[in-house]
Amino acid sequence: YTILSRVHSDRNVYPSAGVLFVHVLEREYFKGEFPPYPKPGEISNDPITFNTNLMGYPDRPGWLRYIQRTPYSDGVLYGSPTVENVGKPTIIEITAYNRRTFETARHNLIINIMSAEDFPLPYQAEFFIRNMNVEEMLASEVLGDFLGAVKNVWQPERLNAINITSALDRGGRVPLPINDMKEGVYVMVGADVPFSSCLREVENPQNQLRCSQEMEPVITCDKKFRTQFHIDWCKISLVDNTKQVSTFQEVVRGEGILPDGGEYKPPSDTLKSRDYYSDFLITLAVPSAIALVLFLILAYIMCCRREGVEKRNMQTPDIQLVHHSAIQKSTKELRDMSKNREIAWPLSTLPVFHPVTGEIVPPLHTDTYDNTSMPLMQTQQNLPHQTRIPQQQSAGQY
């Protein structure tokens, strides 16, 4: 089902195209190439990290991924080789870094991709396992258990693990460190027989409705996975390549010479004149005419339909007109009387600064001035039509 190999110097591996390839970078192997601790007999547990890249390039091929959780865990190269790289040796440079001594060790991994006779398998199913991380699923015993469960449900003659992808690479979110939550992993397998009735139960309308409502669908064979693998059946993908029509068209490459299309004939110099009068009427004359009509209607309503003062007085009762005229006369008399008053401005309204020079105006009275006897309102003098109030005389004088 998968190809596993241990790390060695300049190791040659022969994976098959379309079949999952896993290569483990064991820390125990590289510990022998780094100097031990000063104290003899002490167990070496140096933190070691790995860097992998295609020879001559800064990164790995597109089909090859690498994962290492911590410097104290092994690194894993995994992926599904493509058919385009069949027969082309791929050299991967593996550099190990000792984080204690800052020393490095380099090895080459030569990947010779072979063509698979039974690939591609026509029926492919992709499962999403929620309780697994990608490095846990890449272990040979765990992957073997999962393929055994799938084979028990599907009953194929040939079954291959095609690819494994972390949920984080599909846009998933990093899980919270609560209750040992996992990020999830997608596992794609291929077989040579049609899908079983158990796998087809996901396509039932009842299960589709439950998935749309974020509920668990009812799958009869889920108990065969539930003991070790928690599968999200709403995210399962079933692909039948036998029913898919290939839209690929082979490109026929020519000699790079355009076919002879005859002599070039430029357009004539004499162009036919065009009448723009109709365009003018549509774009300018018609909107202008509509605007003019609306303006005339508005002018008639505003100017020619006014009732006027005379018509208003004719429709108003005489007693109401008399009252209105009396109110207007009284208001006019009060305004005329208020204009003739000459009252001294209150002290609160006097300017603090001179209106022309801007200098500070000195106060009208000194600080020692007794203002307790000052009246609240100034006496009004020299006012026309003012009636004097008789002053109270002292006792005994009349």
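Residues numbered from 1 in each chain as written. Predicted model: local features only at pLDDT ≥ 70, side-chain atom pairs only at ≥ 80, totals over all residues. Heavy atoms only, no water.

The name that an unreviewed UniProt entry assigns to the protein is Epsilon-sarcoglycan, with the source organism given as Furnarius figulus. Listed in UniProt under the heading Function (unreviewed entry), the comment for the protein reads: "Component of the sarcoglycan complex, a subcomplex of the dystrophin-glycoprotein complex which forms a link between the F-actin cytoskeleton and the extracellular matrix." One UniProt comment on the protein, placed under Sequence similarities (unreviewed entry), says "Belongs to the sarcoglycan alpha/epsilon family." (UniProt positions renumbered as here; feature names shortened; annotations may be inferred.)

Under the criterion given, the structure shown has two disulfides. Paired through a disulfide, C198 and C221 show a sulfur-sulfur distance of 1.5 Å. Classification of the bridge connecting C198 and C221 rests on its S-S torsion, roughly -75°, and on that basis the disulfide is left-handed. Residue C198 is located in helix α4 (residues 197-200), and its partner C221 is located in the loop between α5 (205-212) and α6 (223-226); the two are separated by 23 residues in the primary sequence. Under the relative-accessibility criterion, C221 is labelled buried at 5%. Residue pairing for C211: its cysteine sulfur links by disulfide to C234, the two sulfurs lying 2.2 Å apart. (Disulfide = S-S within 2.5 Å. Helix = DSSP H or I, 4+ residues; strand = E, 2+ residues; numbered from the N terminus. Buried < 20%, exposed > 50% of the residue type's maximum accessible area, 1.4 Å probe, protein only.)

All right, on to the side chain of Q68 then. Positionally, Q68 belongs in the loop between β4 (64-67) and β5 (75-79). Engagement of the side chain of Q68 in a polar contact is seen with the backbone oxygen of T70, the distance being 3.3 Å. Once residues within four sequence positions are removed from consideration, Q68 is found in contact with I48, T49, F50, S73, D74 and G75. (Polar contact = N/O pair within 3.5 Å; in protein donor to acceptor, adjacent residues only side chain to side chain. Contact = heavy atoms within 4.5 Å.)

Moving on: unusual backbone geometry. Residues other than glycine predominantly adopt negative phi, and peptide bonds predominantly adopt the trans conformation. The backbone of Q155 sits at a positive phi, close to 60°, despite the residue not being glycine. Relative to the elements of secondary structure, Q155 occurs in the loop between α3 (140-154) and β9 (159-166). Not every positive phi belongs to a glycine, and E214 is a case in point at roughly 55°. Mapping E214 onto the fold places it in the loop between α5 and α6. On the basis of relative accessible area, E214 is assigned to the exposed category, the value being 76%.

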